[in-house]
Amino acid sequence: MNQTAVAEFCEALPDALVVADPETGAVAQVNERACELFGRDEAALVGERFGALWDEGSDAGAIEERIDRVLDGERVSFEGWIDPPTGDRRFVEVRLASARVGGETTVVASVRDTGERRVYEQELEQYRRRLDGAMFAGDLAWWEMDVETGAVQFHEHKAQMLGYSPERFDTYEDFTELVHPDDYDRAMAAMRGHLEGDTEKYDVEYRIETADGSYRWFHDVGGVTQWDDGRPRKVTGIVIDVSSRKEAERRLREKNEQLVLLNRLVRHDIRNDMGVALGWLNVAVEDAAPEVRERLERVEDAAEHAVELTHSVRDLMNVIEGDEPAETEPVELRPVLESQVERARESDEHATVEVAAPLPDVTVRANAMLSSVFDNLLTNAVRHSDRESPTVTVEADDRGETVRVAVADDGPGVPDDRKEEIFARGEQGIESSGSGLGLYLVATLVDAYGGDVWVEDREPTGALFYVELPTVEAGRDERRP
């Protein structure tokens, strides 16, 4: 090949070429790409010391030593920085080799700008770190299985969640042999069903043994991501540690079982005992002297009310647990309010409980637990007052499609930041010694009736609790605007 052909070949290459004299280390020849890369013309590059082309902070300091190795027949490569006069500092990859040019041995450097690739590598590394962070934070890991060989690739966190080193697992069977015996057949059937096309994706939960011999719950979801002549080749998926959720579900089941027992106790044992007590109270009332009879009748009323409440416990528990809505029926509002106002008056001789105006004759859709709504509101108003003789006022406004009941007190009021929180489960009022469930039950029951409850400030002091219920005539589940 003549010199002209060699020159044309060098110019056609995508990489920059620099030919150096092995004895002096000076640049003897360059192609056009080298001029572009180093930001100088051929006249400026030829004669320049080869080692001086590189930035001082690069890995090119020992260039003479590398040239000696090349002349001994070794191929040498390194990475370094160049700093062209244009100021566009670049990261390059250099490959050195010896060659015979014009009958003389020379050193040829192939220089490739890898800055763009380096940017991609840095971005890829950044994405990888983010993915790792998400995997560890979310207790999850990706995996991929070769269907034919069973070989698996996976994120190391999958092994670490089980307390093992990633080297412990090479194949799909290395994982499946740790699946709990009671879950093994179901897990295998899930994978088999997906591979055979019976299910859209592989989706199963199972227990898997950890390094310390305990078990954790995994939720495994995946699907075929590569096919070979219509047959599944690779399955890719993600596994999530759901042990915390499973433990929460177990505790919830236990609580539900306890609630069932409590329900049975209240509705059966307590109701039966109260029935016996009522029977003896009826006898005692008839035989009692007139001065004692009135007191016994009050006890009798309270016992009858307790029996009525046991009849409604099942509905209340269904509302609290959300299993089904409480059964409702048309209920006349005025008798319920009057009864609860009277009970509130009798419960505290120092409190004044009054009705501001005649109560409207209106029917709402509720059940026997409606009395508990107003009982809790009135009790709350009296009990949480900071006055020796609190005053509570009740009024009701028939608004046509809804009726709005207001319970006003002259107590300390409710701070703005607690006006919603006090209706949450377990919230207690000011200096309360109760369970904190009273207002939560009010909100739960009113919501089940299709109504709404909220609290506002009363001037000059106190709180206004509003209950708004749809009337039976409205036939709709209206809310306040």
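Above this text you will find the structure in question.
Residues numbered from 1 in each chain as written. Predicted model: local features only at pLDDT ≥ 70, side-chain atom pairs only at ≥ 80, totals over all residues. Heavy atoms only, no water.

Examining the overall build of the protein
The line we're drawing: Going along the chain from the N terminus, every DSSP run of H or I of four or more residues is numbered as a helix, and every run of E of two or more is numbered as a strand. For every residue, the accessible area (1.4 Å probe, protein chains only) is compared with the maximum for its type, and the residue is labelled buried under 20%, exposed over 50%, or partly exposed between those bounds. Residue contacts are counted whenever heavy atoms from the two residues lie within 4.5 Å of one another. The protein chains shown are the only cover counted for residues, whose accessible areas, like all others here, come from Shrake-Rupley with a 1.4 Å probe.
Secondary structure summary: the protein contains 13 helices and 17 strands in total. When the 481 residues of the protein are sorted by exposure, 39% land in the buried category. Expressed as a percentage of contacts within the protein between residues at least 6 apart in sequence, the contacts between residues at least 24 apart total 51%. For the protein, the accessible area works out to roughly 27700 Å², and carbon and sulfur atoms hold 47% of it.

Here we look at unusual backbone geometry
Residues apart from glycine generally show negative phi values, whereas peptide bonds are mostly found in trans. Put simply, E459 and P460 share a cis peptide bond, and its omega is 0°. On the secondary structure map, P460 appears in the loop between β16 (452–457) and β17 (463–470). In this model, D229 sits at a positive phi of 55°, which is unusual for a non-glycine residue. By the secondary structure assignment, D229 is in the loop between β9 (215–228) and β10 (231–241). Look at D229 and you get exposed, because its relative accessible area is 72%.

Examining the sheet that holds strand β15 (residues 402–409)
Put simply, the rule reads: The pairing criterion for strands is at least two bridges between them, as found by DSSP. Inter-axis angles, ranging from 0 to 180 degrees, are taken between N-to-C directions of lines fitted to C-alpha atoms, where helices are fitted over the stretch in contact.
The strand order across the open sheet built from five strands is β12-β14-β15-β17-β16, with neighbouring strands paired in mixed fashion. Each edge of the open sheet is held by one strand with a lone partner, namely β12 (352–355) and β16. Recorded for the sheet is a direction-independent mean angle of 20° between the axes of neighbouring strands. Alignment of β12 against strand β14 (residues 391–398), held across four bridges, turns out to be parallel. Bridge pairing in β14 places V355 opposite V394. Each of β12, β14 and β15 touches helix α11 (residues 333–347); the most contacted strand, β12, lies at about 160° to it. Contacting β12, β14, β15 and β17, helix α12 (residues 370–383) crosses the sheet at an angle of about 170° to β17.

By themselves, these are just geometric observations and shouldn't be taken as functional.
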